[in-house]
Amino acid sequence: MSTQRLTDLPDAVRRMIEKVSGPIVDVGNINAGLNSAIAARVRTPEDTLFVKGLPMDHPRVWTQNREAQISPYLRGIAPELLWHIEEDGWSLLGFEYVNGGHADFTPKSRDLPAVMATMRRLAKVPAPALELKSMPHRLRTFVDDPADLSWFAGDSLLHTEWNPHNVLVSGDRALFVDWGWASTGAAWIDPALWLLWLIAHGHTRDQAERASATHPAWALAPAEGLNALARVQRRLWDSIAAESTDDWANPMREAARSWEEHRR
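Cut-off values and rules
- Residues numbered from 1 in each chain as written.
- Predicted model: local features only at pLDDT ≥ 70, side-chain atom pairs only at ≥ 80, totals over all residues.
- Heavy atoms only, no water.
- Buried < 20%, exposed > 50% of the residue type's maximum accessible area, 1.4 Å probe, protein only.
- Helix = DSSP H or I, 4+ residues; strand = E, 2+ residues; numbered from the N terminus.
- Pairing = 2+ DSSP bridges.
- Patch = residues over 30% accessible without salt bridge, like charges linked within 9 Å, V, L, I, M, F, W, Y side chains within 5 Å.
- Areas by Shrake-Rupley, 256 points an atom, 1.4 Å probe, with all protein chains shown as cover.
- Salt bridge = Lys/Arg side-chain N within 4 Å of Asp/Glu carboxyl O.
- Lys, Arg positive; Asp, Glu negative; His and termini not counted.
- Charge placed at Lys NZ, Arg CZ, Asp CG, Glu CD.
- Polar contact = N/O pair within 3.5 Å; in protein donor to acceptor, adjacent residues only side chain to side chain.
- Contact = heavy atoms within 4.5 Å.
- Axes fitted to C-alpha atoms, helices over the stretch in contact; angles between N-to-C directions.
- Expected span 1.5 Å × (residues − 1).
- Parallel < 35°, antiparallel > 145°, perpendicular 65-115°, else oblique.
- Left-handed = near helix turned anticlockwise from the far one by under 90°.
- Nonpolar A, V, L, I, M, F, W, Y, C, P; charged D, E, K, R; others polar.

### Section: the pairing of strand E2 (residues 38–43)
Within E2, five of the six residues are buried, leaving the element largely enclosed by the surrounding structure. As defined by bridge partners, strand E1 (residues 26–29) adjoins E2 across four bridges and the pair is classed as antiparallel. The residue of E2 that forms the bridge with aspartate 26 is arginine 43. With six bridges joining them, E2 and strand E3 (residues 48–55) adopt antiparallel strand pairing. Bridge pairing links valine 42 to leucine 49 in E3. The loop that links E2 with its antiparallel partner E3 comprises four residues.

So this is what it looks like as structure tokens:
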């Protein structure tokens, strides 16, 4: 479900930002992303910020809180969170602004090594003591046999949302954004989910698996677990594409179907 993006900052939002960051000099809208009513580059006399926000009555406002909670554990992996404010009917997050672009997931992209390097750093971060959703819980409606959910259990911290709009590349480093769906599960799940986006952006199935295999957890992935995840992802993306008008939904459905056939 996409969220309608506001093109102008409401007065209440401007007041909230100025309270913690000083007078606003300039505002630039950020068009990428689907989940925030507000996504803007905000310049003040002292700094440039990325601000994202949702109304407090939005059904996904909990993702704002989740990002605020998890941010202290993600230094060097995600942009630094500067503040989190909830008042006047709004939840706002203010991050350091990263000069760069979204990752290129096409074959031979120079961004891929940087993405994997950050993914490997993430694999070393212990899952924090937060109420994160587990992958067995998230995927429970997409299995035929509930026993398959056991493959996805684990205590690793996972990002799980590998749309290239969630990966910023600046120079030779990649940073991951939009942590609202951070979860716990088997460590090999993140590279396995990433490979679907690689397929959707032109990789063959073998190329995508080879790219994911550079993640240290891939060697620990049981073949039956990968097969079960492939089946689940086909069903999940069939469901998403049937309801979504976003231009990436159908390519992801085809990628998930292709990988499931490959695993069979």
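### Here we look at a positive patch on the surface
Taken together, the side chains of Arg120, Arg121, Lys124 and Arg173 make up a positively charged region of the molecular surface. Within the secondary structure, arginine 120 is located in helix H3 (residues 112–123). Residue classification places arginine 120 among the partly exposed residues on the basis of a relative accessible area of 39%.

### Concerning the side chain of threonine 118
Among the secondary structure elements, threonine 118 is positioned in helix H3. Relative accessible area serves as the criterion here: at 0%, threonine 118 is assigned to the buried category. There is a polar contact of 2.7 Å between the side chain of threonine 118 and the backbone oxygen of alanine 174. In this structure, threonine 118 is in contact with Ile77, Ala174 and Phe176, ignoring residues within four places of it in sequence.

### A word on unusual backbone geometry
For aspartate 88, which is not glycine, the phi dihedral falls at a positive 50 degrees. Positionally, aspartate 88 belongs in the loop between strand E4 (81–87) and strand E5 (90–96). Backbone geometry at aspartate 178 places phi at a positive 60 degrees, although glycine is not the residue there. Here aspartate 178 shows up in the loop between strand E10 (173–176) and strand E11 (183–185). Given the relative accessible area of 21%, aspartate 178 is considered partly exposed.

### Some details on the pattern of salt bridges
Considering all chains together, one arrives at 15 salt bridges under this definition. In this structure, lysine 52 engages glutamate 67 in a salt bridge whose closest nitrogen and oxygen atoms are separated by 2.6 Å. Of this pair, lysine 52 sits in strand E3 while glutamate 67 is found in helix H2 (residues 62–70), placing the two residues 15 residues apart along the sequence. A salt bridge links glutamate 254 to arginine 257; the nearest nitrogen and oxygen atoms lie 3.6 Å apart. Pair noted here: glutamate 254 and arginine 257 are both in helix H8 (residues 249–263), with a separation of three residues, about one helical turn. One continuous salt-bridge network, built from bridges that share partners, spans Arg234, Asp238, Arg253, Glu254, Arg257, Glu260 and Arg264.

### What to know about the sheet that holds strand E6 (residues 101–102)
Read across the open sheet, the three strands follow the order E6-E9-E10; overall the sheet is antiparallel. This sheet does not close on itself; its edge strands, each paired only once, are E6 and E10. Where strand E9 (residues 167–170) lies against E10, four bridges are found, and the strand directions are antiparallel. Following the sheet pairing, leucine 168 is matched in E10 by leucine 175. The strands touched by H3 within the sheet are E9 and E10, with E10 carrying the most contacts at an inclination of about 55 degrees.

### A look at H3
Note that an α-helix has 3.6 residues per turn; residues three or four places apart therefore point the same way. With 12 residues, H3 should reach 16 Å at 1.5 Å per residue; the first-to-last C-alpha distance of 17 Å fits that figure. Along H3, the residues that are buried comprise Leu112, Ala114, Val115, Met116, Thr118, Met119 and Leu122. Each element contacted by the buried residues of H3 is listed here: strand E8 (156–158), E9, E10, helix H5 (189–200) and helix H6 (205–212).

### What to know about the packing of H3 against H5
The contact between H3 and H5 brings their axes to 11 Å, and the two run at 160 degrees. Between H3 and H5, the angle is such that the two are roughly antiparallel. Relative to H5, the crossing made by H3 is right-handed. Every residue of H5 that contacts H3 at Leu112, Val115, Met116, Met119 and Leu122 is listed here: Asp190, Pro191, Trp194 and Leu198. Broken down by class, the residue content of the contact of H3 with H5 amounts to eight nonpolar, no polar and one charged.

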